[in-house]
Each structure stands twice: as structure tokens, then as C-alpha cells.
Amino acid sequence: MEKLLATLHAATWVDLTHAFHEGIPHSPAFQPESRSVVSTIERGPDGRPTGFLSHEYHHVGQWGTHVDPPSHFVPGLRHQDEIPVTEMILPLAVLDITSHVDGDADYAITLADLEAWEGTHGRIPPGSFIALRTGWSTRWPSQQRMMNADSSGAFHYPGWSQEVLSTLFEDRGITACGHETTDTDTGAAVSRGDSSLERYVLGTDHYQIELLTNLELVPATGALIVATWPKALHGSGFPARVFAIY
């Protein structure tokens, strides 16, 4: 165990989590966070500190960098407390489509992109966590830039495709996926009320992490990802702390 700990401490650690607070980018379906001070640290008559600092938070489960368990979209499938800790540390593969997104904000990853990645790095192993790198997290913390709405109100941001997700979950046997945007589906699809790709992912009884960051600091392959969140009984999603080790 000491050798394992020494190996981990010698590795590079990358935080893939945005700090959450009032006013951060979020789905327009949700109200923003509010928080209040419940108690503070004061000075007693003798000058010594007394009391403690405590806050009360009000926000939806899907807030900031967060986990979406299967039950978020599919009744009867696993809640966040039912996902075992063995699924919280996984091999990480990063699919980088930033070069496409730079010229097309509506870009959805293609099977050709996945095949090109595997041609360079090898076949994605079963049990992996696949992160879609789009560069979109550089727009944080601007709600306007993250949603990228046009004059008609339609959103424009990149996302997954059905062909790639089907290949990853059904053929490669991955355990989870994640992305930098607020949604699995592209902004154009979400604007039409289409969340079919998120429903597909969660319908496989696997989880996803939304609003990842710092993926440019992680290699395409060879890292581990650790994704954790509070164990809320029958929870349908919650802010997560996610980091990579390589």
C-alpha cells in the first residue's frame, strides 16, 4: 500500500471540476443557486474566536460539474447512491474534437473521429470513462457564451452523436462518459426539445458527468479519472468532484 501511495503522489493530478457558485452557467430549465450564512465565527469577550462558519445552499442537483445517474432520465434505473465506488475510478480516454468545433459550434463527434482516435491510440478498453473534449469550458463562467444563442434564441454548442455513443456503450463496453457542455446533445438539438442522446446514455444504466474542465491538461490515454459525489438516498444528480491522475 505504501508503494501504491508513493506512485500516486509522484503522478500528475488534474482537477476537472468547476467551482460552483451563484450565477454559473446552467440549463435554462433551472433556477440559479442561492446561499445564505447560517452562522459565523465571532470574537468573544476575551478576543478568542467562537462559533463556526456555516452556509445553507439552495440549488438543483444538476449544478456545476455534476453527475447524472440513470434515474435522472429513466425511472427504475440506478440513483446516485446506487452507483458503486468501483465505478468511480476508471481508465480515462479523451476524445479531442476542438479542431472541428473551432469552425463549427454545432459539431457532433462522428464515427470517423472515433476511428481516427483509435487508429492512433488503440481500441478503447472496456470499463473506460470517455471524456469529449471540445474546448467549450474556456467559455466558463459566462452563461451567454456557454449557451451561445443566436438572434432567434436557438443554442449552438457541440455534443455527442448517436453513432459514437452506441459504439462506445454497446461495442466498446465503456462505463461512463462526460463532456464540457451543459448537455449530452448539441445545442441545436436541445433548442428543439431533443434530449434523446442523454436519454440514451442514462438508459444504458450508466452515468455521465457534465460541465467538465481542464481536459486539455490530460493526455488522450493513460490517465485514471476519479469521479465522486455525495451519497444522497435516491438522488437524481448532484455536484461532483472529478479529477484525473496520470
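Basis of the calculations
- Residues numbered from 1 in each chain as written.
- Predicted model: local features only at pLDDT ≥ 70, side-chain atom pairs only at ≥ 80, totals over all residues.
- Heavy atoms only, no water.
- Pairing = 2+ DSSP bridges.
- Helix = DSSP H or I, 4+ residues; strand = E, 2+ residues; numbered from the N terminus.
- Salt bridge = Lys/Arg side-chain N within 4 Å of Asp/Glu carboxyl O.
- Buried < 20%, exposed > 50% of the residue type's maximum accessible area, 1.4 Å probe, protein only.
- Patch = residues over 30% accessible without salt bridge, like charges linked within 9 Å, V, L, I, M, F, W, Y side chains within 5 Å.
- Areas by Shrake-Rupley, 256 points an atom, 1.4 Å probe, with all protein chains shown as cover.

All right, on to the pairing of strand β11 (residues 241-245) then. As paired elements, strand β1 (residues 13-15) and β11 share three bridges and run antiparallel to each other. Its bridge partner being in β11, Trp-13 is matched across the sheet by Ile-245. By the bridge criterion, five bridges tie strand β9 (residues 223-228) to β11 in an arrangement that is antiparallel. Looking at the pairing, Val-226 lines up with Phe-243 of β11.

With that settled, the discussion passes to the pattern of salt bridges. If you walk through the whole model with that rule in mind, you get nine salt bridges. Where Arg-133 meets Asp-96, a salt bridge forms, and the shortest distance between an N and an O atom there is 2.9 Å. Remark: Asp-96 occurs in strand β5 (residues 89-96) and Arg-133 occurs in strand β6 (residues 129-133); sequence separation between them is 37 residues. Residue class for Asp-96 comes out partly exposed when judged on its relative accessible area of 39%. A salt bridge links Arg-172 to Asp-171; the nearest nitrogen and oxygen atoms lie 2.1 Å apart. Classification of Arg-172 by relative accessible area gives buried; the value is 10%.

A word on a nonpolar patch on the surface. A cluster of nonpolar side chains, Val-37, Ile-41, Phe-52 and Leu-53, forms an exposed patch at the surface whose accessible area comes to about 430 Å². Going through the elements one at a time, β2 (34-43) and β3 (49-58) are the ones with two or more residues in the nonpolar patch. Its place among the elements puts Val-37 in strand β2.

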